[in-house]
Amino acid sequence: MPTNVFLLAIAAGIVSAVVFASATTGAMVLRVVLFLLTPLSLYLAGLGLGVIPGAIAAITATTTVMLITNPLTAEIYAISTAIPAFVCTRFTLMSRGPEDQREWYPIGRIVVFAALFAGLFAMLALIMMGGGDIETLTKMLRGAVQAFVKSELTQIPGAPAIGEAEIDQITRSTLSTLPWALGLLAMTTTLLNLWLAGRITLASGRLVRPWPDLAQFKMPAGATLALFVAIGLTFTGGLTGLLSAGVAAPFTLAFALVGLGLVHVLTRGSPWRSFILSSLYIGAILVPHIGLLLALVGLAETVFNYRTAGKPPPPPS
């Protein structure tokens, strides 16, 4: 390995660790942006420099986080950031077959790996916050809500008075939505950084894989079963239900992206394409039910293959 590539990989790992540490301080908006972009340098190293430099960057970043924080934080960083970055970039660059008939690793399977890591992160975060006990988790959330009401809400002029009953209601609502929020956040972080790093390396001419038609990506059949099982387990209640929701969330987002891809394909050539897509993107962000509808569309597309309906079969190989 050239020395400059080795040094770049080391630098990429240090940058990711520093950004991760910086995401714990400062204004909330800045912290969110830094958290979302924490893995970017690792993805750039993996896609732009190669698999081994990507592994070096991931190891360097995890080690640096452990040195500047503690082993537990480094473990969380490894599971939520370093390992997904290495695995996703590794599979992105994987291919088989001769040069003129090369087959690249399917995007849908990469998305499945991202969903698995996101679900694992959500489960780990819930277990750590509650110590593996739902009552402890509930008490922790209630304490956080109560502290916010007393310290922050009272500083807002005209803010309504919130009593114990309202605090209990907010706590229950937060408890039910927290696994979904954690899973969606982890999944969004992984896919956003993978896409952004891909665009950057493509623009620099260092991306060895041709840019795929993302609107055509498909989820493997096993992902449908995983989603149904995870959603079914959410109805069991208790800690198992919460952990299952953390897994169901990233898989739901994955199928919503399939549904979004179907809309992209069906609107190609339409004069209303920009309006439809803009409205859909904005609506999906503001109205969660639109995202659920897209996920249902993605499930239907996975089963019935609307994007290829009516197209002639490919020539025999």
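See above for the structure.
From a predicted model like this one, the values you see are computed outputs, not experimental measurements.

Definitions and limits used
Residues numbered from 1 in each chain as written. Predicted model: local features only at pLDDT ≥ 70, side-chain atom pairs only at ≥ 80, totals over all residues. Heavy atoms only, no water. Helix = DSSP H or I, 4+ residues; strand = E, 2+ residues; numbered from the N terminus. Rg over C-alpha atoms; globule rule 2.2 N^0.38 Å. Buried < 20%, exposed > 50% of the residue type's maximum accessible area, 1.4 Å probe, protein only. Polar contact = N/O pair within 3.5 Å; in protein donor to acceptor, adjacent residues only side chain to side chain. Salt bridge = Lys/Arg side-chain N within 4 Å of Asp/Glu carboxyl O. Expected span 1.5 Å × (residues − 1). Bend = angle between axes of the 7 residues up to and from the residue. Axes fitted to C-alpha atoms, helices over the stretch in contact; angles between N-to-C directions. Parallel < 35°, antiparallel > 145°, perpendicular 65-115°, else oblique. Left-handed = near helix turned anticlockwise from the far one by under 90°. Contact = heavy atoms within 4.5 Å. Nonpolar A, V, L, I, M, F, W, Y, C, P; charged D, E, K, R; others polar. Core = buried A, V, L, I, M, F, W, Y, C linked by side-chain atoms within 4.5 Å.

Details of the overall build of the protein
Looking only at helices and strands, the protein has 12 helices and two strands in total. On C-alpha atoms alone, the protein measures out to a radius of gyration of 22 Å, which is about the 20 Å that the 2.2 N^0.38 rule sets for 317 residues. C-alpha extents for the protein along the principal axes are approximately 70 × 50 × 35 Å. Out of the 317 residues in the protein, the part that is buried amounts to 41%.

Comments concerning the environment of S80
Among the structural elements, S80 can be located in helix α5 (residues 71-92). Since its relative accessible area comes to 19%, S80 is described here as buried. The spatial distance from the C-alpha of S80 to the C-alpha of I162 is 35 Å, given a sequence separation of 82 residues. At 2.8 Å, the side chain of S80 and the backbone oxygen of I76 are in polar contact.

Concerning the pattern of salt bridges
Tallying each qualifying case throughout the model produces two salt bridges. As a salt-bridge pair, E103 and R96 come within 3.4 Å of each other at their nearest N and O atoms. For E103, a relative accessible area of 46% gives the class partly exposed. Across the pair D213 and R268 runs a salt bridge, and its minimum N-O distance is 2.9 Å. Here D213 is found in the loop between α8 (164-204) and α9 (221-234), whereas its partner R268 is found in the loop between α10 (238-266) and α11 (273-286), with 55 residues between them in sequence. In this structure D213 comes out as partly exposed when scored by relative accessible area, which is 38%.

A word on α8
With 41 residues, α8 ought to run about 60 Å at 1.5 Å a step, and its terminal C-alpha atoms sit 57 Å apart, in line with that. In the structure, α8 departs most strongly from a straight axis at T177, where the bend amounts to approximately 40 degrees and where the proline P179 lies between one and four residues downstream. At the exit of α8 stands G205, carrying a positive phi of roughly 80 degrees.

Some thoughts on the packing of helix α6 (residues 107-130) against α10
One way to put it is that α6 packs onto α10 with a least axis distance of 8 Å and a crossing angle of 155 degrees. Classified by the interaxial angle, the pair formed by α6 and α10 is roughly antiparallel. Considering only the axes of α6 and α10, their crossing is right-handed. Across from V111, V112, A115, L116, A118, G119, A122, M123, L126 and I127 in α6, the residues of α10 making contact are L242, L243, G246, V247, P250, F251 and A254. Of the residues belonging to the contact of α6 with α10, the class tally is 15 nonpolar, two polar and no charged.

So, the nonpolar core
Grouped together as the largest cluster of nonpolar side chains are 55 residues, with contacts concentrated most on V111, M187 and M219. Once residues within four sequence positions are removed from consideration, M219 is found in contact with G108, V111, V112, A254, F255, V258 and T302. Counting residues in each nonpolar core, the second largest holds 10 residues, with A122, A125, L126 and L175 among its members.

Brief notes about the packing of helix α4 (residues 51-68) against α5
Two numbers describe a pair of packed helices, the interaxial angle and the distance between the axes. Where α4 contacts α5, the two axes come as close as 8 Å, and the packing angle between them is 170 degrees. With respect to α5, the axis of α4 lies roughly antiparallel. Where α4 abuts α5, its residues V51, G54, A55, A58, A61, T62, V65 and M66 lie against P71, T73, A74, Y77, A78, A82, F86 and R90. Of the residues belonging to the contact of α4 with α5, the class tally is 12 nonpolar, three polar and one charged.

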